[in-house]
Amino acid sequence: MGAREPLKNIPSATVVLLRDGEASAEVLLLRKSASGFYGGVWVFPGGRIEPDDWTPGSDGEMAARQAAVRETREEAGVDLDPAELVQISHWKPSSVARVRFEASFFVALETEEAVRVDGHEIIDHRWLLPADAFERHARREMELSLPTWLTLYHVMRHGRPDAVLDHFASREPRHYTTHPAQRADGVHVALWEGDAGYEDWDADRDGPRHRLVMPETGGFTFENDVAEY
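Report follows, based on the coordinates. In this text the structure is predicted, and so the values were computed from the model without any measurement. (Residues numbered from 1 in each chain as written. Predicted model: local features only at pLDDT ≥ 70, side-chain atom pairs only at ≥ 80, totals over all residues. Heavy atoms only, no water.)

**Comments concerning helix H3 (residues 146-156)**
Of all 11 residues in H3, 9 are buried, a share of seventy percent or more. Where H3 is concerned, the buried positions are Leu146, Pro147, Thr148, Trp149, Leu150, Thr151, Leu152, His154 and Val155. (Buried < 20%, exposed > 50% of the residue type's maximum accessible area, 1.4 Å probe, protein only. Helix = DSSP H or I, 4+ residues; strand = E, 2+ residues; numbered from the N terminus.)

Below, the structure is given as C-alpha cells:
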C-alpha cells in the first residue's frame, strides 16, 4: 500500500462583526446546526473560499475578503464592503488536525441591516459582550472553538468597536499554528510560538508561556508573557 497523500489545507475566511454595547464592543456569534463541521458550536460568520471568490488579478487576501463578505451575507444576511475589513489573524491547522481549515480572520463594524439566519445551517444568533460569552462557555451553555475564544479575548481588551478596529488596523495580523498538548495533570493546552513547550509539544516544560489552558470545567485561561498584542 502506498503512502497516504498529505491532507490539504482548506482556505477559509471569517468576520468578527462588532457593534456598540453598553460597556464595550458586542460581537455577533452564530450557532451552527448540529450536523456538519463544528456542529452546535457558536462561531463568527465565515466559511471556505470558493472559486467564485477569486477574480482576475486578485490574490489570496482579496479572495479571503470576498469569501468573508459572501459568507456573512449568506449566514447572517448582512452586506459588508470587502475593502473595509481589517485582518486581525491567520490560523493554520495543526499537523494533527483531522479537518484542515486555514482561516483568515477579519474584523468589521456592523451595518444597519438586521441579522437574519436561515434556520438550517445557522440556527441561532446572539450579540454578546465577550465577557458574557466567556461566562456562558464556562457554564457549558455555549460551546466556542479555540480560535473564537482567543479572538473574543483580544476584542474584549480594546473596548469600543472603533477602538478595536483602530488597534488591529495599526498592527500586522498575528499568525497561529496550534500545537495541541496535554499536561501531566490531564489538562489540555493549546501551545503557540514562543511558548517553552511549543517546539516539542511539551505542555509541562518550564519557561515562557504563550498558550490557552482548557480544563473540562471552569472555562479557559490565556497565559502569555512573550507575545505582544
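**Focus on the pattern of salt bridges**
One pass over the full model with this rule turns up 17 salt bridges. Across the salt bridge formed by aspartate 195 and arginine 211, the nearest N and O atoms sit 2.9 Å from each other. Placement of the pair is aspartate 195 in the loop between strand E10 (188-191) and strand E11 (210-214) and arginine 211 in strand E11, with a sequence separation of 16 residues. One exposure class covers both aspartate 195 and arginine 211, and it is buried. (Salt bridge = Lys/Arg side-chain N within 4 Å of Asp/Glu carboxyl O.)

**Side note on the nonpolar core**
Within the largest apolar cluster, 35 residues are counted, with the highest numbers of intra-cluster contacts made by Leu29, Trp192 and Leu212. Discounting chain neighbours no more than four positions away, the residues touching tryptophan 192 are Trp91, Leu146, Leu150, Tyr176, Thr177, Thr178, Tyr198, His210, Arg211, Leu212 and Phe222. By size, the runner-up hydrophobic cluster in this structure holds 20 residues, among which are Val15, Ala63, Val69 and Ile122. (Core = buried A, V, L, I, M, F, W, Y, C linked by side-chain atoms within 4.5 Å. Contact = heavy atoms within 4.5 Å.)

**Details of the environment of aspartate 195**
In this structure aspartate 195 comes out as buried when scored by relative accessible area, which is 5%. Distance from aspartate 195 to aspartate 225, taken between C-alpha atoms, is 8.7 Å for residues 30 residues apart in sequence. Look past the residues within four positions of aspartate 195 in its chain and what remains in contact with it is Pro208, Arg209, His210 and Arg211. Within the structure, aspartate 195 has its side chain in polar contact with the side chain of arginine 211 (distance 2.9 Å). (Polar contact = N/O pair within 3.5 Å; in protein donor to acceptor, adjacent residues only side chain to side chain.)

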